[in-house]
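Here's the letter readout for the chains.
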Amino acid sequence: MSATGVASVRRLLRGTVAHVPRDPFTAAGEALEAWDDGGLALADDGTIAAVGAWRDLRAAYPAADVDDRSGAWLLPGFVDAHVHYPQVGVLGGLGPRLLEWLEGRTWPHEARFADAAFARAEARQFLRLLARNGTTSALVFGAHQAVAMEAFFHEAAASGLRVTAGLVVGDVGLPEALRTTPELAFEEAAFLARRWHGRGWLRYAVTPRFSVSSTAALLAACGAVAREVPGTWVTSHLNETPDEIAVVRARFPDQRDYLATYEAAGLVGPRSVFAHDVHPSDDELTRLAAAGARVAHCPSSNHALGSGLFPLARHRRAGVGVALGTDVGAGTSLSLLAEATSAYVGQMLLGADGERLTGARLLWLATAAGAHALGLGDLVGDLRPGRAADVVALRPPPGSTLAAALTHAADGPSALATLVTLAREDAVEATWVAGEAVWCAAAAERLVG
Ligand code: GUN
Ligand code: ZN
């Protein structure tokens, strides 16, 4: 058992505990730590006081209340490094590739978020679904309308989740309903950033949609917001498809590549997260690494839109930090475990150029890697004492394929691989942020049937 000196422990969680406290791509030996009959001691301040074998934990805290989740897995809460709030309504739209999907399906739907009441209801539902999928921290791509973002931040504050998000802006190549100007983009984004950045667990992310829908002046306005409100994050899309890259080259003939369009505006730094990067040049990878910027790998989206197979090994060799994003609604679910399975499949299809992804590596990508990408690596991402108690309990539904497959798992690592492959939304029994429940399947059944 490992423990901090915190004395005020009133609650113990019991279950099969697993986490990956060291980078499994570089650690010598097995990076996975797991206890078949294990537990967590939760301190009153919302942190983890101890993790280890149940017997040791119980002996150390004999007077604490017990929340017995035996038969369930207790993992660190998942971190989604790229997911779109206004796109739950376009999930599952099979058929088109990226630019056609955006123009034909996604942008018309996102225009509906001008209606504040609609936006607020969608925000509440979206955040509830994150928690229901075991996600406790997320970098959320917002909406184009300030009223929709005001509604979103209110709901995010009430959700108890760790959310970083911002107003999406673009001033060209978009339907009129979604277009702004550099001046208005600065004014609205700076207003929202001053108002919400650092409130509770909320943070602001400066969010140009992508360089396809940006002039240099719009990107410069985004850079100005990031300087105006210190500590804000930056997020956008990068090198997703060859067609998209060709449009960016045509729009920015003076820039050497896609990344340079963001660099010119001061948008590439250690608090920047770029989604996709399926088709980077070596030079772009070198510059991303030097800047300390991160990439959100969104495999189910890349596969569904036919965007390509993500060069994970090239990113890792270049020293670019990579996390996982569901990229709903181009991605196919809000489950980080489904995303991890997709990442596995993509790397296998890359053959010799792919990374071999074990259960431990996949769990790390879905948890600690995301925490690092979002600058939360000292706070969450694993279950070591001192970390915030952001935890998800996964219980194989009775009679499910997951339950059947797990009975045959030879050891901890193979059981984890089975869990990653098969556990989905219906296995999420409870989700906690800083020890507070943000999702409880049993209570939800009682409340909403
Ligand atoms: N590039 C610009 N906008 C989007 C989006 O909404 N989804 C994806 N996958 N790529 C984008
Ligand atoms: Zn996206």
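For the structure itself, look to the data block above.
Residues numbered from 1 in each chain as written. Chains lettered and ligands numbered in written order. Predicted model: local features only at pLDDT ≥ 70, side-chain atom pairs only at ≥ 80, totals over all residues. Heavy atoms only, no water.

As for the overall build of the chain
Selection criterion: Only DSSP runs of H or I with at least four residues qualify as helices, and only runs of E with at least two residues qualify as strands; both kinds are numbered from the N terminus onward. We compute the radius of gyration over the C-alpha atoms and compare it with the globule rule, which gives 2.2 Å times the number of residues raised to the power 0.38. Burial status follows relative accessibility: with a 1.4 Å probe on protein chains alone, a residue under 20% of its type maximum counts as buried, one over 50% as exposed, and anything between as partly exposed. In this analysis, two residues are considered to be in contact whenever any of their non-hydrogen atoms come within 4.5 Å of each other. Computed by Shrake-Rupley with a 1.4 Å probe, the accessible areas treat only the displayed protein chains as cover when residues are assessed.
Of the regular secondary structure elements, the chain holds 17 helices and 17 strands. Scaling as 2.2 N^0.38, a compact globule of 449 residues should have a C-alpha radius of gyration of about 22 Å, and the chain matches this with 21 Å. Based on the C-alpha atoms only, the size of the chain along its principal axes is roughly 65 × 50 × 40 Å. Of all 449 residues assigned to the chain, the portion counted as buried reaches 59%. For the chain, the proportion of contacts with a sequence separation of at least 24, taken over those separated by at least 6, is 75%. On the chain, roughly 16700 Å² of surface is accessible, and the fraction owed to carbon and sulfur atoms is 53%.

Quick word on the site of ligand 1
What counts is decided by this rule: Residues are classed as near a molecule or strand on a simple rule: at least one heavy atom within 4 Å of it. For the purposes of these results, a polar contact is taken to be a pair of N or O atoms within 3.5 Å, where, inside protein, one atom must be able to donate a hydrogen and its partner to accept one; residues adjacent in sequence count only when each atom of the pair is a side-chain atom. Asp, Glu, Lys and Arg are counted as charged, while Ala, Val, Leu, Ile, Met, Phe, Trp, Tyr, Cys and Pro are counted as nonpolar; the rest, among them Gly, fall into the polar class.
Ligand 1 sits among 13 residues. The nearest are His84, Gln87, Arg209, Glu240 and Asp327. Glu240 is positioned such that a nitrogen or oxygen atom in its side chain is 2.7 Å from a nitrogen atom of ligand 1. At 3.4 Å, a side-chain N or O of His276 approaches a nitrogen atom of ligand 1. Isolated, ligand 1 exposes 280 Å² of accessible area, and the fraction of that covered by the protein chains is 100%. Take the shell around ligand 1: its biggest share by element is three residues, from helix α2 (residues 98-110). Of the residues assigned to the shell around ligand 1, the class counts are five nonpolar, five polar and three charged.

Focus on the environment of Gly412
Residue placement: Gly412 occurs in helix α16 (residues 412-422). Taking relative accessible area as the criterion, Gly412 reaches 35% and is therefore assigned partly exposed.

Some points on the side chain of Ser307
Within the secondary structure layout, Ser307 lies in the loop between α10 (299-304) and α11 (312-318). Among residues more than four places away in sequence, those in contact with Ser307 are Glu240, Thr241, Pro242, Val278, His279, Ser301 and Asn302.

Here's the deal with the pattern of salt bridges
Note the following rule: Basic side-chain nitrogens of Lys or Arg form a salt bridge, by our definition, when they fall within 4 Å of a carboxyl oxygen of Asp or Glu.
Counting across every chain of the model gives 20 salt bridges. We note a salt bridge from Arg195 to Glu150, for which the minimum N-O separation is 2.4 Å. Of this pair, Arg195 sits in helix α5 (residues 182-196) while Glu150 sits in helix α4 (residues 146-159), and the two are 45 residues apart along the sequence. Arg195 gets classed as partly exposed once you look at its relative accessible area, which sits at 29%. Note that Glu228 and Arg194 form a salt bridge whose closest N and O atoms lie 2.9 Å from each other. One end of the pair, Glu228, is in helix α6 (residues 216-228); the other, Arg194, is in helix α5, with 34 residues separating them in the sequence.

Don't take any of this as a statement about function, it's just geometry.
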